[in-house]
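# Coordinate inspection notes
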Amino acid sequence: MTTAAAIMGVFLITSSLITTLLIPPAEFEPGGSANGRALAYLAHEYLGTTFGSVYDASTIAILWFAGASAMAGLLNLIPRFLPRYGMAPQWARAVRPLVLILILGAFLITIIFRANVDAQGGAYATGVLVVITSAAIAVTLAARHARQHKLAIGFGLVALIFVYTTIANIIERPEGVRIAAIFIAAIIAVSLASRFARSFELRATSVTFDPTAQLFIRDTARRTIRFIAKEPDRRQRSDYSDKLRQVSRDNDLTDPNDVIFVEVTVTDPSEFAGKLDVQGEVQHDRYRVITFSSSSVPNALAALLLAVRDNTHRLPHIYFEWTEGNPAANLLRFLFFGVGEVAPVTREVIRRAEPDRDRRPHVHAG
């Protein structure tokens, strides 16, 4: 990479120097023969039409390969990251539809900017500078984190230079920001729509139970499997007894002691799907509790209930307390942070995952 950077540095400096000295300033103006094609102008002017035509063809081929490389990079990155965070439909993992979408985007940008080479060149320059600036800042932070103070200072100076260059380029050629804004707006719109449309999926790739959790479920399966959803941050004896008393009163449970508490710890909400590792434990020598972590509470509870049903061939029951607050605000909390309207969302996830009403686990809210 150092060798490539050194070669590119020499090429950029020498080409800038040569084109500045050999091409009349008027030819750089819009409509001039060297506008957007300075080196091609020199090739035709000083090395003949044949060499100039070969140079033009090779330039087009190089640009085509550059576009193909960008396409290959997007085809590799988008299926790996966006569907993982629920920010793209599942079909985005397929190559052919994604190729068509990206080509459509390229045609759209070309039409919007009327195939203006200068405008799209400005967008390319802005994009490259932003990527390099971000990389320089990231390396600076990494060096600072590793306590490599001299390297951090050196990389920091380079990052400042690129920050200045990026700002100057944006001021001089704002077309790049406009194209970038269109892409960003389109990505955000599609990502939000996809996240909303996929928010009621199970989102659990697998559900595994440790021996203690299996023992709890196997024992209650002889009668009726009853789960009580509970917040994981309060684990005093009174928290369990109060919760049990409230749920028993609201739902008229015949045997309030024959239940299992379920506590879900929310991890990174941006992680759309993941494994559920269910662990069992006994709290305060009395209360059976199963715990696991997930990016979304209702989706994880729905996956748990369906997995218990499949393992025991019994329909489990789960009991919730109605969420206080504005329902719309709670829905937004669920979409962005994985918490909020837990009871109705859990029921909706189960409804979508299991079309047969007679095979759905029972959801109670009081």
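These figures come from a predicted structure and were not determined experimentally. (Residues numbered from 1 in each chain as written. Predicted model: local features only at pLDDT ≥ 70, side-chain atom pairs only at ≥ 80, totals over all residues. Heavy atoms only, no water.)

### So, the environment of V262
Looking at the secondary structure, you find V262 in strand 3 (residues 260–266). For V262, a relative accessible area of 1% translates into the label buried. Once the C-alpha coordinates of V262 and R37 are considered, the two residues, 225 residues apart in sequence, prove to be 67 Å apart. In this structure, V262 is in contact with F227, I228, A229, K230, I290, F292, L301 and L304, ignoring residues within four places of it in sequence. (Helix = DSSP H or I, 4+ residues; strand = E, 2+ residues; numbered from the N terminus. Buried < 20%, exposed > 50% of the residue type's maximum accessible area, 1.4 Å probe, protein only. Contact = heavy atoms within 4.5 Å.)

### Quick word on the packing of aromatic side chains
Evaluation of the coordinates by the stated rule reveals four aromatic pairs. Ring centres of F261 and Y287 lie 5.9 Å apart, and the angle between their planes is 80°; on these two criteria the pair is classed as edge-to-face. On the criterion of sequence distance, the pair formed by F261 in strand 3 and Y287 in strand 5 (residues 287–294) is long-range, its members being 26 residues apart. By the burial criterion, F261 is buried, and Y287 matches it. These aromatic residues form a ring-pair network of at least three members: Y240, F261 and Y287. Sitting over the ring of Y240, K230 keeps its end group 4.4 Å from the ring centre. (Phe/Tyr/Trp six-rings, centres within 6.5 Å; stacked < 30°, edge-to-face > 60°. Lys NZ or Arg CZ within 6 Å of the ring centre and 35° of its normal.)

### Details of the side chain of S248
Here S248 is to be found in helix 9 (residues 237–251). We classify S248 as buried; its relative accessible area is 14%. Side-chain polar atoms of S248 contact the backbone oxygen of L244, separated by 2.7 Å. Apart from residues no more than four positions distant in its own chain, S248 is found in contact with L253 and P256. (Polar contact = N/O pair within 3.5 Å; in protein donor to acceptor, adjacent residues only side chain to side chain.)

### Regarding the environment of T208
Within the secondary structure, T208 sits in strand 1 (residues 204–209). Those residues in contact with T208 that sit more than four places away from it in its chain are L276, D277 and V278. Here D277 takes part through its side chain, which lies 2.8 Å from a polar atom of the side chain of T208.

### Some thoughts on the packing of helix 3 (residues 38–81) against helix 4 (residues 95–112)
Contact pair helix 3 / helix 4: the axes reach a minimum separation of 11 Å and the direction vectors enclose 120°. Between helix 3 and helix 4, the interaxial angle falls into the category oblique. In this structure, helix 3 meets helix 4 at a crossing whose hand is right-handed. The residues of helix 4 that touch helix 3, namely those facing M71, L74, L75, I78 and P79, are V95, L98, V99, L102 and I103. (Axes fitted to C-alpha atoms, helices over the stretch in contact; angles between N-to-C directions. Parallel < 35°, antiparallel > 145°, perpendicular 65-115°, else oblique. Left-handed = near helix turned anticlockwise from the far one by under 90°.)

### A word on the pattern of salt bridges
This model, assessed by the stated rule, comprises 16 salt bridges. Linking D258 and R288 is a salt bridge whose minimum nitrogen-to-oxygen distance equals 3.1 Å. Of this pair, D258 sits in the loop between helix 9 and strand 3 while R288 sits in strand 5, and the two are 30 residues apart along the sequence. Classification of D258 by relative accessible area gives buried; the value is 11%. The buried category is assigned to R288, whose relative accessible area is 15%. Between R352 and E348 there is a salt bridge, and its shortest N-O distance comes to 2.7 Å. Linking R352 with E348, this pair stays in helix 12 (residues 342–353), spanning four residues, or about one helical turn. (Salt bridge = Lys/Arg side-chain N within 4 Å of Asp/Glu carboxyl O.)

Purely geometric numbers; function is a separate question.
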